[in-house]
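Results of the structural survey
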Amino acid sequence: MPARNTVKTFDAPAFYHVYNRGAGGRKIFLDDADRRKFVSLLRRHLIPQPPDKPQEYTVYDVELVAYCLMGNHFHLLLYQGGALDAITGLMRSVLTAYSMYFNLRHKSKGHLFQGVYKASHINTESYLLHITRYIHLNPRTYPTYRWSSLSCYLGRPDDLVKLDHIDAMSPERYRQFLEDYEDRHKLLEDIKNQLAL
């Protein structure tokens, strides 16, 4: 039986919630240096160099809409614009480079991730907003958690995170949108079950 949410082909233009965890539940981010490295790999494959600098790495036609890096897993909300293989290329580049970095830095061996990353197609505007909320509510300390895109939604822009495709909400309205979810734990359980994370 095929694994749930293991996408073989992607549509474009389309949104996808992409996620993965450590093999056997192991931690994939041991400290802030690891998280910084993962974000820097996303940045190098999503943001082109200025015209006066050589382009050292492939930049994919993908936009990062939301993210959260937890201890043993990550969540990315991605928008694929044109090329049908852009998310595949991005994830292959980032996860391969990160695995090599992690194993070298932590003197580790073997697979870091639990198989192929999963991707869930986001096909409605309400689901799109719902998944941003799920991603941002992942950490128990979400209002102050540093390793998510929540601060961008609350008014601190970052050129890595693109909010153009999200219904415009003021920072106060988005904060209320998070707080209005009456049973945060039920939301997390419902979506984890749906995603089989």
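Heads up: the structure comes first, above all this text.
Report on the accompanying structure. Please read these numbers as outputs of a predicted model, since none were measured by experiment. (Residues numbered from 1 in each chain as written. Predicted model: local features only at pLDDT ≥ 70, side-chain atom pairs only at ≥ 80, totals over all residues. Heavy atoms only, no water.)

1. Focus on the overall build of the chain
In terms of helices and strands, the chain carries six helices and four strands. Helices and strands appear in the chain in the N-to-C order β-α-β-β-α-β-α-α-α-α. Relative to its 197 residues, the chain shows a buried fraction of 47%. Sequence-distant contacts in the chain: of pairs separated by 6 or more residues, those separated by 24 or more amount to 75%. Entry remark: accessible area of the chain is about 10,300 Å², with carbon and sulfur atoms responsible for 52%. (Helix = DSSP H or I, 4+ residues; strand = E, 2+ residues; numbered from the N terminus. Buried < 20%, exposed > 50% of the residue type's maximum accessible area, 1.4 Å probe, protein only. Contact = heavy atoms within 4.5 Å. Areas by Shrake-Rupley, 256 points an atom, 1.4 Å probe, with all protein chains shown as cover.)

2. What to know about the sheet that holds strand β4 (residues 118-122)
Strand order in this open sheet of four strands is β2-β3-β1-β4, and the pairing throughout is antiparallel. At either end of the open sheet lies a strand with only one pairing partner, and these are β2 (62-69) and β4. With direction set aside, neighbouring strand axes in the sheet form an average angle of 20°. By the bridge criterion, eight bridges tie strand β1 (residues 14-21) to strand β3 (residues 73-80) in an arrangement that is antiparallel. In the strand pairing of β3, A14 is matched with Q80. (Pairing = 2+ DSSP bridges. Axes fitted to C-alpha atoms, helices over the stretch in contact; angles between N-to-C directions.)

3. Describing the environment of R36
Its location among the elements puts R36 in helix α1 (residues 32-46). Once residues within four sequence positions are removed from consideration, R36 is found in contact with R146 and W147.

4. Points about the nonpolar core
Formed by 62 residues in total, the largest nonpolar core has its most connected members in F38, F74, L76 and M91. In terms of residue count, the dominant contributor to this core is helix α2 (residues 86-105) (ten residues). Setting aside anything within four residues of it in sequence, one finds F74 in contact with V18, Y19, N20, I28, F29, F38, C68, L69, M91, L95 and F113. (Core = buried A, V, L, I, M, F, W, Y, C linked by side-chain atoms within 4.5 Å.)

5. Comments concerning helix α5 (residues 171-179)
All of the buried residues along α5 are Y174, F177 and L178. For α5, the arc enclosing every buried residue in end-on projection is 100°, short of the 170-degree limit, so these residues lie on one face. Against α3 (125-137) and α4 (150-153) lie the buried residues of α5. (Arc of directions from axis to C-beta.)

6. Notes on the packing of α3 against α5
Two numbers describe how α3 lies on α5: the axes approach to 10 Å, and their chain directions differ by 75°. Comparing their axes, α5 and α3 come out roughly perpendicular. Side by side, α3 and α5 meet where L129, H130, T132, R133, H136 and L137 of the first sit next to Y174, F177 and L178 of the second. For the contact of α3 with α5, the residue count by class is five nonpolar, three polar and one charged. (Parallel < 35°, antiparallel > 145°, perpendicular 65-115°, else oblique. Nonpolar A, V, L, I, M, F, W, Y, C, P; charged D, E, K, R; others polar.)

7. Some thoughts on the pairing of β2
Most of β2 sits out of view: seven of its eight residues are buried. Across seven bridges, the pairing between β2 and β3 is antiparallel. Looking at the pairing, A66 lines up with L77 of β3.

8. Examining the packing of aromatic side chains
As enumerated under the stated definition, the model contains twelve aromatic pairs in all. Aromatic side chains F29 and F38 sit 5.4 Å apart centroid to centroid with 85° between the ring planes, which places their arrangement in the edge-to-face category. An identical accessibility class is assigned to F29 and F38; each is buried. Consider the rings of F38 and Y98, whose centres lie 5.4 Å apart with planes at 80°: the pair is edge-to-face. Placement of the pair is F38 in helix α1 and Y98 in helix α2, with a sequence separation of 60 residues. (Phe/Tyr/Trp six-rings, centres within 6.5 Å; stacked < 30°, edge-to-face > 60°.)

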